[in-house]
Amino acid sequence: QVQLQESGPGLMKPSQTLSLTCTVSGGSITAHSSYWSWIRQPPGKGLEWMGFISYSGSSYYNPSLKSRTSISRDTPKNQFTLRLTSVTPEDTAVYYCARDRLGNWAYDSWGQGTQVTVSS
């Protein structure tokens, strides 16, 4: 079974760049037709898809976030990383990484989530 685990800082100050890494085990981030997403949930809000990196290395982002968002991967480590620049308190959320195995926007595996708080 595939397992995903987020890691990174839990506390950020405004204007900093957030970097979160998802480590994948039990499955390959290069597996055919798989898509690897970052999704977040602000307090009291619903889930917000941020972007994905595909099995081939192509990245796509939510238009509301694309100016500040990048996703990259380290295939030897079976990891992918979210970078979100110029963070503000509105970026406070629980951040999840998740797998879409078939590219149909259905996520069959999720990390446990990691709380990120942006505060001065």
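Residues numbered from 1 in each chain as written. Predicted model: local features only at pLDDT ≥ 70, side-chain atom pairs only at ≥ 80, totals over all residues. Heavy atoms only, no water.

K.L.:
Tell me about the sheet that holds strand β8 (residues 79-84), residues and numbers included.
P.N.:
With respect to topology, four strands assemble into an open sheet ordered β1-β3-β8-β7, the strand pairing being antiparallel. A strand with exactly one partner marks an edge of an open sheet, and here the two such strands are β1 (3-7) and β7 (69-74). Strand-to-strand, the axes of this sheet are offset by a mean angle of 20°, without reference to chain direction. As defined by bridge partners, strand β3 (residues 18-25) adjoins β8 across six bridges and the pair is classed as antiparallel. Residue pairing across strands places Cys 22 opposite Phe 80, the latter belonging to β8. (Pairing = 2+ DSSP bridges. Helix = DSSP H or I, 4+ residues; strand = E, 2+ residues; numbered from the N terminus. Axes fitted to C-alpha atoms, helices over the stretch in contact; angles between N-to-C directions.)

K.L.:
Break down the environment of Gly 57 for me, citing the residues and quoting the values.
P.N.:
By the secondary structure assignment, Gly 57 is in the loop between β5 (48-54) and β6 (59-61). Separated by 12 residues in the primary sequence, Gly 57 and Lys 45 have C-alpha atoms spaced 30 Å apart.

K.L.:
Got a sec to walk through the side chain of Ser 37? Specific residues and values, please.
P.N.:
In this fold, Ser 37 is placed in strand β4 (residues 35-41). Residue classification places Ser 37 among the buried positions, given a relative accessible area of 1%. Polar side-chain contacts of Ser 37 include one of 3.2 Å to the side chain of Trp 49. For Ser 37, the residues in contact, after removing those within four places along its chain, are Trp 49, Gly 51, Phe 52, Phe 80, Tyr 96, Cys 97, Ala 98 and Tyr 107. (Buried < 20%, exposed > 50% of the residue type's maximum accessible area, 1.4 Å probe, protein only. Polar contact = N/O pair within 3.5 Å; in protein donor to acceptor, adjacent residues only side chain to side chain. Contact = heavy atoms within 4.5 Å.)

K.L.:
Give me the lowdown on the pattern of salt bridges, citing residues and values where you can.
P.N.:
What the rule picks out here adds up to five salt bridges. Arg 99 serves as the salt-bridge partner of Asp 108, at 2.7 Å between the closest nitrogen and oxygen. The partner of Arg 101 in a salt bridge is Asp 108, with the nearest N and O atoms 3.7 Å apart. Judged by its relative accessible area of 44%, Arg 101 is partly exposed. Asp 108 gets classed as partly exposed once you look at its relative accessible area, which sits at 40%. Three or more residues are tied together by salt bridges with common partners; here these are Arg 40, Glu 48, Arg 68 and Asp 91. (Salt bridge = Lys/Arg side-chain N within 4 Å of Asp/Glu carboxyl O.)

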